[in-house]
Every structure is written in structure tokens, then in C-alpha cells.
Amino acid sequence: MLEKEYFAPKIEKKWFDIWEETKPYKVDDNSPKPKYFALSMFPYPSGKLHMGHVRNYTITDVVARFKKALGYNVLHPMGWDSFGLPAENAAIQKGANPKTWTLENIEYMTKQLKMLGLSVDWDREVTTCLPDYYKWTQWLFIQLYKKGLAYKKTAPVNWCDKCATVLANEQVIDGKCWRCDSEVTKKNLSQWFFKITQYSEELLKDLEQLTGWGDNVKTMQENWIGKSTGAILKFKVAELDDVEIPVYTTRADTAYGITYLVVAPEYKDIEKLTTPENLEAVNQYRENAKKLSEIERLSTERVKTGVPLGTHIINPFTGRKCPVWVADYALVDYGTGAVMAVPYHDERDFDFAKKYNLPMIQVIDGEGFEEGKCYVEKGHLVNSGQFNGIDAQSARAKITEFAQQQGFGEFKTQYRLRDWLISRQRYWGAPIPIVYCPHCGEVPVKEEDLPVMLPTDVDFSVQGKSPIETSATFKEAICPICGAKATRDTDTMDTFVCSSWYYLRYADAKNDKECFNRDLVNKWLPVDQYIGGIEHAILHLLYSRFFTKALRDCKLLDFDEPFANLLTQGMVLKDGSKMSKSKGNTVDPDEIYQNYGADTARLFILSDSPPARDFDWTDAGVEGCYKFISRMYRLYSKFQDKIKLDYSFDVASLSKKDDNFVREIHIAIKKVTHDIENEFQFNTVISSYRELTNAIYEYIKDENLINYDVLSFGLLTLLKLVSPVCVFLTEEIYSSLGAKTSIHDEPWCQYDDNLAKTSTITLIVQVNGKLKDKIDAAQGLDNASLEELAKASSKVQEAIKDKTIVKTIVVPNKLVNIVVK
RNA sequence: GCCGAUGUGGCGAAAUUGGUAGACGCACCAGACUCAAAAUCUGGCGUGGUUCACCCCACGUGCCGGUUCGACUCCGGCCAUCGGCACCA
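About the thresholds
- Residues numbered from 1 in each chain as written.
- Chains lettered and ligands numbered in written order.
- Predicted model: local features only at pLDDT ≥ 70, side-chain atom pairs only at ≥ 80, totals over all residues.
- Heavy atoms only, no water.
- Core = buried A, V, L, I, M, F, W, Y, C linked by side-chain atoms within 4.5 Å.
- Buried < 20%, exposed > 50% of the residue type's maximum accessible area, 1.4 Å probe, protein only.
- Helix = DSSP H or I, 4+ residues; strand = E, 2+ residues; numbered from the N terminus.
- Contact = heavy atoms within 4.5 Å.
- Pairing = 2+ DSSP bridges.
- Axes fitted to C-alpha atoms, helices over the stretch in contact; angles between N-to-C directions.
- pLDDT = per-residue confidence, 0-100.
- Near = heavy atom within 4 Å.
- Polar contact = N/O pair within 3.5 Å; in protein donor to acceptor, adjacent residues only side chain to side chain.
- Nonpolar A, V, L, I, M, F, W, Y, C, P; charged D, E, K, R; others polar.

Chemist: I keep staring at the nonpolar core and nothing clicks. Help me out?
Modeler: Across soluble globular proteins, nonpolar side chains have a tendency to be buried as a group. The biggest cluster of nonpolar side chains holds 97 residues, and the ones touching the most others in it are Phe141, Phe194, Trp420, Tyr502, Leu504 and Phe547. By residue number, the principal contributor to this core is helix α5 (residues 131–146), which donates 9 residues. Look past the residues within four positions of tyrosine 502 in its chain and what remains in contact with it is Leu39, Ser40, Met41, Phe42, Val126, Tyr133, Tyr530 and His540. Core analysis: the next-biggest nonpolar cluster, separate from the first, contains 96 residues, Ala8, Tyr36, Ile643 and Ala739 among them.

Set out below in C-alpha cells:
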């Protein structure tokens, strides 16, 4: 029996318990239905859900339920991105054990997620910090190692002092640490990298295939990969026979205008290139450069500085002798670390040359050129020997070809993307499964010996080194090759390694023999719909794409891209500004559950904005949604004895009123179905819920005129349409009406396009494109009749009197426009 | 500087293909019910003009221009906001 008024927490608790018991969302791998993989970006177990989680998982859940009702075999899993620094910081600050802290958070948040009513198959839960998962993270590391895609090298790497660890390039935002926002410095360290740059071109090119991704994300990845095409030009050093300086340039057309060369302070041959009389100044300059933070060094505002090395190169095009300088505006890790300088046609070189009084040669002339000013616009070549007069754009290839023939140049494609640094000097991560043997060097752990377990005898309070190093036994190892005493690597992997493959594990989450079964992964993947925040546009999404391609090349799976469709949801705001703990304007999901119920939260968070846009959470909005839910509930409560689950009626013999009502029901089904399928426009879906509810209230106004079969059709249709959003409410109502099955197992409503159309149309009548009248007319009238109808309108006659009709435009079933002069 | 997204009432927004701009809601206003309030129900709600009122007229989708019988929608040029990249040679 339905009560008179709706009381959410009691009803939701009831169904929570039932679903806990019956596990209605368990997925069958062998179902003959077509598969659909709906995936949310898995959460970090920080302690409590926030509204961003609620929005993310509600969207995915509605998609999953909708697809299930359409007849798909839906995989909708959930897991925990549970390695990472916060657990370790909690250990340091509160003396907690990172594992206990993390698992307690997971337990609490799991309950919160279940209370939200998600249709998740919890038997496939993955938790990245548990050995049954990180064993396979380590195994995958070894596969990449064997493929040559994991390697160790010494390089200047990004270092965050506060987090006491190195960072990947992607984790440095404007020179600051992505996690703690403190300034990043460079350190020369030996670290593990994944060779993501081997896939630069494929990662860029395959963005085209990703038609289900937004342009914003694709552009961000494109910018990050940063492809540019140009040339390598090699310069002989006048004073030295054994050194040559290659430079990378996109402006080979300006080669005749080179007046000096710049190398980065970390340039490999810089010592050879420095003459004794310049040594002291150069060394001092290099020392200073080292001390600068990344932010200072990369600032474009900064005045450029440099010192000459004393040596010179010969420009092979002109024979001109040009000095070599060291300057920190040259970057050691892009191109060759050396730059050719053409002050007349490059603003940076121009500033530098002016400051140090270096010569300039004009080699491009064009519209707007001014003597003594840097010129970077289009033009043709001058002072360039045989190339004079050629358009600068086409001269790039011609000059490079010439250099190639002469043996001092070649075409070169350059990417901004760097290899992914994955070592972390932290405890709470998957240990890198490598040992160092005095005889055999670096050797991967034998696969049958995995996982390399995290030690528990560690001291988290140590400074200046990883807590793992304080373990008494962790470092001790035996060489897998020769059996000698060896040392274990004490670094752990970046948490982004764990999250780069978790979606694959969902296909076969409990497999303890393999990382995942190849057939199962090929069956379920790629993910049909991936949903999460824009903050992962580069980091996680690029790494996952790389992993998929790398694992494909390791013959572990047979597809190229992991996520066919991507929806990046907007932020959740509170009264117009970003929710944050520091502002104290957060909304606690638990409180909403208790006061209004999860259905209200789900309904509201989908209602006001389309998913990709920011959503403004307001107390009045929640209140409004609760009222709407109560309004629906009252309808069913009022008619619960009259609703027929097996209603039937003949469309042909309905009264006009019933006929109109039936049409509105079909329109609602059509609109809801269409709006979910089209970009998941849940805000308009919910508008349709309200319109249908309003239509039902209108229909029941005169109780003597109710056809209860037709009313049942309306109420049961509304119930099913709302069921993906308000999962508890609809289940409660459906079961109270005597249904033996779950509303969530019922198929989606079907609409009849003919019944969704009106028998009459509203003819729009315009004069010179301006609305003059609206006339009710029959469907399907011919153009002449429509024109006649329009001209009969008194409003039209008023508007066209004393004027000449130039022509008349008729759009069948829609509009007549009379053009007059 | 380069690239991408967005711009519609007081607010969130809607508008398959160019064809009634503002659906649906929030807020607000009025009425019904009530001793009263809450809840609920009914109606109104872009701007300006005109009118006792109904009607009616003009204007209105960031700005300027174009195409068209007709433009929120298409084209060209700007402006603003948000986001990404950037001494990347």
C-alpha cells in the first residue's frame, strides 16, 4: 500500500536492504544480448563522497539503466583508485596505517554509493591498493619492460620538495605540483620512464577516430602532444673539428639570416664549446640557471640573458662565422637543445640580439616590413642567394631539401610530448618489480614471484627518503638470473599507472591466473560510454590511451582505443561558486539522503543543466525536486486501487479528451527516449517528466471523465520513464501496485510516431516574415488550400491591404508567408 | 601569441532540418483553501508603447555587417567570459 505522503528515507532503506540481498545487477558474461560498457572514472577513497561524485555516478547510472531497459547486457562496475599520497599523509599526521585508513574510507564510501542507488555489479569491484590488483600492475610493468617500453635513465626531472618525490611532466601545472601547488624544481636523477613518445604520432592521429569525444578534450591532447614539422640543420664549429651543433627549426626559410647560435645551459657539448677565457663566466651562468625554479625560467616576461662561449659556427648557406652563446631561453629537452638565431624574424632572438648588440640580417620582405623592427609576417626571401624571391612558406621545404643534398640538414618532425616518468619516492604505491644485481644489472622480478608486497615494517616519519627504505628486509633480494645477493628497487609506481588499466580488469575482475582474459577484454571493451571530470583530459586519458596501444602491441588485447565515447561532466557549484572545503560551502550527500532521499538528489543533479555544463546546487532547487517527487507519489497513491497493470484500450474509439491524452503520453516517450540518446540531455528529459505529470493532473481534473485504462497507460508510462532517475520511488510504487517484477527489469516504453502527431496543425501565417496569425487547420492540406486559409485571416487582410502581393511561400503543415510591397 | 568551448528574461535553461523565441523549472506577484501559517491548488510573469480592459503596435537571442520570403540557427568581421598550450625555436 502506498501512503498518503512520500517519506523517502524509510522507503529507500527498504529497497537498499532488498537489493543488498538479491544483487539484481550481477552481470552475466555469457548473455546473448549485445554488450554495453558504461563506466564512471573511479574515485579516490578520500573519506566521503562529494557532490561531484554524486553527479558523475548518477549520470552513468541513468545511462546504464536506460541501456539495460533497451535490451543491452550492461556492464556497470565500480572500483577504487586507492594508492596515493593522501593515505601516506594521513599516516604521517594521524599515525594511521595507510592501508587501514584507505580500506575504512572505501567501506564508508561504498555504503554511500549503494545508498545512491547505483546499478553497479559490486562483485567486480577493483581496488588498486590490494595485492590481487597491484600484482597485475607489476606484471604489466614487466611486459612493458620486455617490450622496451619501460626503461631507466638519468635525466633532469621535476621534483616537488613538499611531496618529496619526482613528478611526471603532466603533473606539473604552470611550474607547480598538481597535488600540493608548491613550486617544482629540476633534479638530475636516475628514474623509470614509460616510452609514451614511441606512440606520439598514433596518439595524435587516432584522436580523429574518437568521434564520441568532445573537441575540447581532443584539442587539449593535441596541444599536449604538440607536433611540429621542421628541419634539423647541422653547423660545423670553426674552432673544433670533432664537434658539430645540430639545431631544430620550423623556419628553415630564414637560414640565411642566422647571426648567432644559442645552446641550453645543460647542453651536452657545452664544455667543449667553451674557450678557456670564457669558462668562468659560462660556468657561473650555468650555476645560476640551475638555481632558478621552473616558473622563473619559463616566464616569457623575463628579460633574456646569456653569455658567449667563445667559439663560432660557420653558416653553411652563407659561410658567415657566427658566435655561439649559452642562454636559458633554449630548452635542453626540446629539439636538439640548440637554437639558430635569426633576430630579424624571431621576436625572442630579436630581443636577445638587441640586448647584446648582435648583428641582424633581413631575409624576408613583405607588406608592413619596417627597417629595424622584428618582422614575422608572410613575405618572400631576400638576401638569400639562389632562393631570393621565393615565398617564405614554400622556401622552408626548398631550403631543407638543399641542405639535405649538401649533407648538412634533414626534415624532422618534433613532438612536445615527453616520456612518462613513473618512479615515485613514496610508500603508498605499487613497488617497481625490479632488483639490482652486482653481476646482472637491473633484472625484473620473476613473474611467478609477484606480487612484490609492500613492506609493513616502515617508519613514515622519515625525511629525505622514501619510507620503504626504512624496512629492515624489503631491500634484500636474490637475483632472479644468477641467484646472487641483490638489492630491490625501493621506488613505487605513479598512481596513474594503476588507473591506466583498471577498466580492463573490470572485464575479468576476479581472475587470479591472468591479468585479464583476452577474450573477455575483447568482448567488453572498448568502453561504450566513459564519464568523468575534465581534469583528466590529459593525464589519465592520455596514459590510458597509451596503455591500450602498448598492451595491444604486447598481444594482450585487440583494439586501439579504450574509450569510444567520452562525456566530461561540468563542476557542481553551490549558489554560483565552486564548492570547496575552504569556502565551507560543500553539501554533504549524507544529509541530503536523510532529509530528502537519494532519488531527490539524483533528480535534482540532472535537472537544471545539461551534463557537460556546470551545475548550480541550491537549497531551493532540492526542495523543488522533492516537491515534484511527492507530487508524482500522490498521483499513484490516489489511484492505486484503480490502476490496471494489464490495461487495454482501442485507440480508434477514444473520446477526444482521451485521444489528446494518449498523444501526450506518446510525445513524452518519444521526447525522453530521444533526449537520452542525444547527448544525454537529462535536463530536458526531466522537463518531459514534469510535462507528462502536468498532463495527467489535467486529465484527472473531472473524475467522471476518466477512462482508467487510459489513465493506467499514462501512469505506468510515467513510472517507467522516471525509473532510471528515481530508482527507489518507482520501485516502491510499482511493487505496491501489485507488480511481481522489478520496474527496473521492464523493457523501455515504445511510442507510435503516428500517435505522437496531432490530427490538426497550427498554421503559422506571416506577412513579410512577421507573425500575423495562427490558424488551426487539418493535417496534410495542399498548398493552395493553406494559402487560401491564410488570406482569409482578417489580420492578414489588414496587413496586406493597399499592398501588392509579390509572392507567397508555403511550407506544408507548417507555415504560409505572404510577401508584399 | 596559438587552439578550443561558451554568450538567449531577475536566475538555471529550451528551441531535429533556417519557419510561433523563451518549453520546463527557480524566484517573484495575485487568487483559492485556512482563525492563521505551512503544504496544496489556480492564474500571471522579456522590454517599451497604447488602452479602463481585452486587443493591438514596436523592439528583443553578446556587437557590426551579409545571405534569405524568413536567421538564436548559415556566412564574414569583431567583443567578452571560461579552459588548454606556450621563451617548444
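Still more to cover.
Chemist: Please clarify how unusual backbone geometry should be interpreted in this entry.
Modeler: Glycine aside, a negative phi is what most residues show, and trans is what most peptide bonds show. Cis peptide bonds are those with omega within 30 degrees of zero, and the linkage from leucine 450 to proline 451 qualifies with 0°. Here proline 451 lies in the loop between β22 (441–444) and β23 (476–478). Following leucine 525, the chain continues to proline 526 via a peptide bond in cis, the omega torsion being -5°. If you check the backbone angles, asparagine 813 has positive phi at about 65° while not being a glycine. Along the polypeptide, asparagine 813 turns up in the loop between β33 (805–811) and β34 (815–820). Of the residues examined, asparagine 813 reaches a relative accessible area of 31% and is grouped as partly exposed.

Chemist: How do you make sense of the sheet that holds strand β9 (residues 184–194) when you look at a structure like this?
Modeler: Remark on secondary structure: sheet strands pair via backbone hydrogen bonds, oriented parallel or antiparallel. The 4 strands are arranged β6-β5-β9-β19 in an open sheet whose pairing can be described as antiparallel. With one partner strand each, in any of the chains shown, β6 (165–167) and β19 (420–421) form the two edges of the open sheet. Pairing between strand β5 (residues 150–160) and β9: 11 bridges, direction antiparallel. By the bridge assignment for β9, asparagine 158 is matched with lysine 186. Contacting β5 and β9, α5 crosses the sheet at an angle of about 85° to β9.

Chemist: Would you mind going over the confidence of the model for chain A with me for this structure?
Modeler: Keep in mind that low pLDDT regions are not for reading the predicted coordinates in detail. Confidence in the prediction of chain A, expressed as mean pLDDT, is 93, and 100% of residues score 70 or more. Across the assembled chains, the prediction reports ipTM 0.94 with pTM 0.94.

Chemist: Would you mind going over the protein's contact with RNA strand B with me for this structure?
Modeler: The environment of RNA strand B is formed by 54 residues, the closest being Lys304, Tyr334, Arg348, Arg416 and Asn817. When the atoms of RNA strand B within 4 Å of the protein are sorted by group, sugar and phosphate make up 64%. Between RNA strand B and the protein, one listed contact pairs a sugar or linking oxygen with a backbone N or O atom of aspartate 608 at 3.2 Å. Glutamate 691 has a polar side-chain atom sitting 2.7 Å from a sugar or linking oxygen of RNA strand B. Per-class residue counts for the surface near RNA strand B are 16 nonpolar, 17 polar and 21 charged.

Chemist: What's the story with the sheet that holds strand β31 (residues 760–767) in this structure? I'm lost.
Modeler: In spatial order, the strands read β32-β31-β34-β33; together these 4 strands make up an open sheet with mixed pairing. Both outer strands of the open sheet, β32 (770–778) and β33, are each paired with one neighbouring strand and no more. Each strand axis lies, on average, 15° off the axis of its neighbour in the sheet, ignoring direction. Note that β33 and β34 share 6 bridges and pair antiparallel. The partner of threonine 808 across the bridge, within β34, is isoleucine 818. Against the sheet, helix α24 (residues 783–792) engages β31, β32, β33 and β34, with an angle of about 120° to β33.

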